[in-house]
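# Working through the structure, step by step
Here are the chains, one letter per residue:
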Amino acid sequence: MEIVVFGAGSLGSLVGGLLAREHDVTLVARGDHANAVRESGLRLEGVGDRPSRVFPAATTDGTGLEAELAVVTVKSFDTAAAAERLATGSFDGTLSLQNGMGNEATLAARLEAPVLAGTATYGAIRREPGVVECTGSGEIVLGARDGGPAAIATRAGEAFAAAGLETTVADDMPRRLWEKLAVNAGINAVTALTATENGAVLEEPANDLARDATREAAAVARACDVSLSNREATAAMESVAEATAANTSSMHQDVLADRRTEVDSINGYVVDRAIELGIEVPTNRTLAALIRTWERGHGVR
Ligand code: KPL
């Protein structure tokens, strides 16, 4: 399959690199990373006994591209800009594999072909330009963004599985996106603010905080008619934290690199929906305020 992976941060590079073992992949990356991939390929670490090297095409442009599938892995605050550039190309379908809520709607507002929703629980770190490490094997779940079947989802699922990615094609993506949001609401800000790895949220005192944030997100999901109990949400959060215990969450990586975080589409999204619905979400409100204060203090907001 011809696949464009739009966004070559940690997860985009890992997914793009794994897909390139089987498919014709073009990575839309930033300058130094794109140059390194063009010169020496993309080195994959932690994906087998020995590091391997794959040779996807790499570009910094992202306009006028054509492929069967576009996989969007940019940060949620860059989704609208990515949609503008993707709209100048041609794809049979676009898959959002991003954190936070609202990305699919932003893409669909600009793109004609179907937009799929996806979640990824792989742990990944981009070690240096041209090198990405898989720090935790996870799963990709993808499907129609409004639920139900979609032919392009089946094709995308087969392509991911053929490249060795653990993949499930699901017909209940709205619920799965809320569950993933509840997982990220519990893990990301807590680990970023305390400079800990994901496993820290399994122990007190962080566990209480993470469970509260996750339960609040689940309450907002239920108010949006999504069936997600507190027990299901906290179990999902703890199972991801356990599977990725040694990993640095994406928000913690952003803070370490002095970058803007995705707090607005994670804890901030929970707060915004809660305000509309008249629900109290004090833990998400506090976590969002602390991360936004950090962003402002570091000039990235
Ligand atoms: O999605 C993640 C993230 O870091 O953003 C998890 C699943 C928490 C893995 O680190």
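First things first, this report covers the structure right here in the doc. Every value quoted in this text rests on a predicted model; they were computed, and no experiment measured them. (Residues numbered from 1 in each chain as written. Predicted model: local features only at pLDDT ≥ 70, side-chain atom pairs only at ≥ 80, totals over all residues.)

## Comments concerning the overall build of the protein
- Along the backbone of the protein there are eleven helices and twelve strands.
- Over its C-alpha trace the protein gives a radius of gyration of 18 Å, about what one expects of a compact globule, namely 19 Å for 301 residues.
- Each principal axis of the C-alpha distribution contributes one length, and for the protein these read about 50 × 35 × 35 Å.
- In the protein, buried positions account for 53% of the 301 residues. (Helix = DSSP H or I, 4+ residues; strand = E, 2+ residues; numbered from the N terminus. Rg over C-alpha atoms; globule rule 2.2 N^0.38 Å. Buried ≥ 20, exposed ≤ 12 C-beta atoms within 10 Å, placed from the backbone.)

## Quick look at unusual backbone geometry
- Of the consecutive residues glutamate 204 and proline 205, the connecting peptide bond is found in the cis state with omega at 5°.
- Within the fold, proline 205 resides in the loop between helix H6 (173-194) and helix H7 (206-223).
- Notably, aspartate 225 is not glycine yet its phi reads approximately 70°, a positive angle.
- Along the chain, aspartate 225 falls in the loop between H7 and helix H8 (230-243).
- Aspartate 225 sits in the exposed class, given 7 other C-beta atoms within 10 Å.

## Thoughts on the site of the ligand
- Every residue near the ligand is listed here: Asn99, Thr121, Gly123, Asn184, Ile187, Asn188, Asn198, Val240, Thr244, Asn247, Ser249 and Ser250.
- For the shell around the ligand, the element with the most residues is H6, which contributes three residues.
- Of the residues that make up the shell around the ligand, three or more belong to each of domain 1 (2-171) and domain 2 (174-297). (Near = placed C-beta within 6 Å. Domains from an automatic or database assignment.)

## Side note on the environment of glycine 64
- Inspection of the secondary structure puts glycine 64 in the loop between strand E5 (57-59) and strand E6 (66-72).
- With 23 residues separating them in the primary sequence, glycine 64 and alanine 87 have C-alpha atoms 8.1 Å apart.
- Setting aside its immediate chain neighbours within four residues, glycine 64 contacts Thr88 and Gly89. (Contact = placed C-beta atoms within 7 Å.)

## Here's the deal with the sheet that holds strand E3 (residues 42-45)
- Sheet architecture is open: four strands sit in the order E4-E3-E10-E9, paired in mixed fashion. With partners counted over all chains shown, the strands left at the sheet margins are strand E4 (52-54) and strand E9 (123-128), one partner each. When the angles between neighbouring strand axes are averaged without regard to direction, this sheet yields 30°.
- Here five bridges tie E9 to strand E10 (residues 131-136), and the two strands are oriented antiparallel to one another. Counted as the bridge partner of alanine 124 is cysteine 134 from E10.
- Strand contacts of helix H1 (residues 10-19): E3, E4, E9 and E10, with the helix running at about 100° to E9, the strand carrying the most contacts. (Pairing = 2+ DSSP bridges. Axes fitted to C-alpha atoms, helices over the stretch in contact; angles between N-to-C directions.)

## As for the environment of aspartate 32
- For aspartate 32, the location among the structural elements is in helix H2 (residues 31-40).
- Each C-alpha atom of the pair aspartate 32 and leucine 287 lies 33 Å from the other, and the pair is 255 residues apart in sequence.

## Some details on the packing of H7 against helix H10 (residues 267-277)
- The N-to-C vectors of H7 and H10 enclose an angle of 45°; their axes lie 10 Å apart at closest approach. Our classification of the angle between H7 and H10 gives oblique. In the crossing of H7 with H10, the sense of the turn from one axis to the other is left-handed. Seen from H7, the contacting residues are Ala213, Glu216, Ala217, Val220 and Ala223; seen from H10, they are Asn267, Val270, Arg273, Ala274 and Leu277.
- For the contact of H7 with H10, the class distribution of residues is seven nonpolar, one polar and two charged. (Parallel < 35°, antiparallel > 145°, perpendicular 65-115°, else oblique. Left-handed = near helix turned anticlockwise from the far one by under 90°. Nonpolar A, V, L, I, M, F, W, Y, C, P; charged D, E, K, R; others polar.)

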